[in-house]
Amino acid sequence: MKLFERGNMVNNLRRYIKTLESICEDRKLGKKAVQKLMYLIERKGVEFDLGYNIHFFGPYSAKLDNILHRLESDEVIEIDTTGRTHTISVMDSSRCEGEELSSEDKKTVEYVISRFGNKTAFELEGIATLDYVACNLVGSEGKSDIDIINGVKRIKGTKFNNSQLSQYLEILKENHYLS
């Protein structure tokens, strides 16, 4: 059975599902956490072409959401909606065709998961939003930590305090997302 008949999506489908397997292995994660981890993985250099925009809960890819729902309808993954969080688990990745992750991409996926896989969805939202703002919404000339934090506060209001945002900014710097 061929899943996803559209061009680049077929080539990336196996890469998406293998990354999802790594993300969801040994942990129950919701769609928000998966969105943020995929964002951080792509920002670290694994090309998925997911096209993120800022959203209520931080960087969001409609394309990734569509892929997740399509994989669910094709019984490749399960999205459990019985709890507060819609948790994702991989059921049958063998049905997915396309290219494998390169060894370099696998290392990058594992790096991101080892650094961020233990974070809560709330923490991931703050971290990913800071990164998105720093890279997309704050002018590249002379952007300071305060400019980045204020950019997040314009979007998020009081959801995160300055101390949290400063801590998340340091995490991004330690992991070479921002300088």
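See above for the structure.
1. A closer look at the pattern of salt bridges
Then, number 1: One pass over the structure, following the stated rule, counts twelve salt bridges.
Then, number 2: Within this structure, Lys32, Glu125, Lys156 and Lys159 form a network of salt bridges that share partners.

2. Focus: the sheet that holds strand 1 (residues 29-30)
Then, number 1: Read from one edge of the open sheet, three strands run 1-5-4, paired in antiparallel fashion. Here the strands that pair on one side only, and so sit at the sheet edges, are strand 1 and strand 4 (77-80).
Then, number 2: Relative to strand 5 (residues 87-90), strand 1 is paired through two bridges, and the arrangement is antiparallel. Residue pairing across strands places Gly30 opposite Thr87, the latter belonging to strand 5.
Then, number 3: Most of the contacts of helix 3 (residues 62-73) go to strand 4, to which it runs at about 105°, and overall it touches strand 4 and strand 5.

3. Details of the packing of helix 2 (residues 31-43) against helix 4 (residues 103-116)
What describes two packed helices is the angle between their axes and the distance between those same axes.
Then, number 1: Running from N to C, helix 2 and helix 4 point in directions that differ by 130°, and their axes come no closer than 9 Å. Between helix 2 and helix 4, the interaxial angle falls into the category oblique. Note on packing geometry: the crossing formed by helix 2 with helix 4 is right-handed. From helix 2, Leu37, Leu40 and Ile41 reach across to helix 4, where they touch Thr108, Val109, Val112 and Phe116.

4. What about the packing of aromatic side chains?
Then, number 1: In the structure shown here, the tally under the stated rule is seven aromatic pairs.
Then, number 2: Judged by centre distance (6.4 Å) and plane angle (50°), the ring pair of Tyr39 and Tyr132 falls under tilted. Separated by 93 residues along the polypeptide, Tyr39 in helix 2 and Tyr132 in helix 5 (residues 121-137) bring together distant segments of the chain.
Then, number 3: The exposure class assigned to Tyr39 is buried, which follows from its relative accessible area of 5%.
Then, number 4: Using a relative accessible area of 9% as the deciding quantity, one classes Tyr132 as buried.
Then, number 5: With 4.7 Å between their ring centres and 80° between their planes, Phe56 and Phe57 make a pair best called edge-to-face.
Then, number 6: Owing to a relative accessible area of 60%, Phe56 belongs among the exposed residues under this scheme.
Then, number 7: By relative accessible area, Phe57 is classed as partly exposed at 34%.

5. Comments concerning the environment of Thr87
Then, number 1: Considering the arrangement of structural elements, one finds Thr87 in strand 5.
Then, number 2: For the pair Thr87 and Ala121, spaced 34 residues apart in sequence, the C-alpha separation works out to 12 Å.
Then, number 3: When neighbours within four sequence positions are excluded, Thr87 is seen to be in contact with Lys28, Leu29, Gly30, Glu78, Ile79 and Asp80.

6. Structural notes on the packing of helix 2 against helix 5
Then, number 1: The interhelical angle for the contact between helix 2 and helix 5, taken along N-to-C directions, is 40°, at an axis separation of 9 Å. Taken together, the axis directions place helix 2 and helix 5 in an arrangement best described as oblique. With respect to the hand of their crossing, helix 2 and helix 5 are arranged in left-handed fashion. On helix 5, the residues touching Lys32, Ala33, Lys36, Leu37, Tyr39, Leu40 and Arg43 of helix 2 are Ala121, Phe122, Leu124, Glu125, Ile127, Ala128, Asp131, Tyr132 and Cys135.
Then, number 2: When grouped by side-chain class, the residues that make up the contact of helix 2 with helix 5 number eleven nonpolar, no polar and five charged.

Each value, and the rule that gives it
- Residues numbered from 1 in each chain as written.
- Predicted model: local features only at pLDDT ≥ 70, side-chain atom pairs only at ≥ 80, totals over all residues.
- Heavy atoms only, no water.
- Salt bridge = Lys/Arg side-chain N within 4 Å of Asp/Glu carboxyl O.
- Pairing = 2+ DSSP bridges.
- Helix = DSSP H or I, 4+ residues; strand = E, 2+ residues; numbered from the N terminus.
- Contact = heavy atoms within 4.5 Å.
- Axes fitted to C-alpha atoms, helices over the stretch in contact; angles between N-to-C directions.
- Parallel < 35°, antiparallel > 145°, perpendicular 65-115°, else oblique.
- Left-handed = near helix turned anticlockwise from the far one by under 90°.
- Phe/Tyr/Trp six-rings, centres within 6.5 Å; stacked < 30°, edge-to-face > 60°.
- Buried < 20%, exposed > 50% of the residue type's maximum accessible area, 1.4 Å probe, protein only.
- Nonpolar A, V, L, I, M, F, W, Y, C, P; charged D, E, K, R; others polar.

These values are about where atoms sit, not about what they do.
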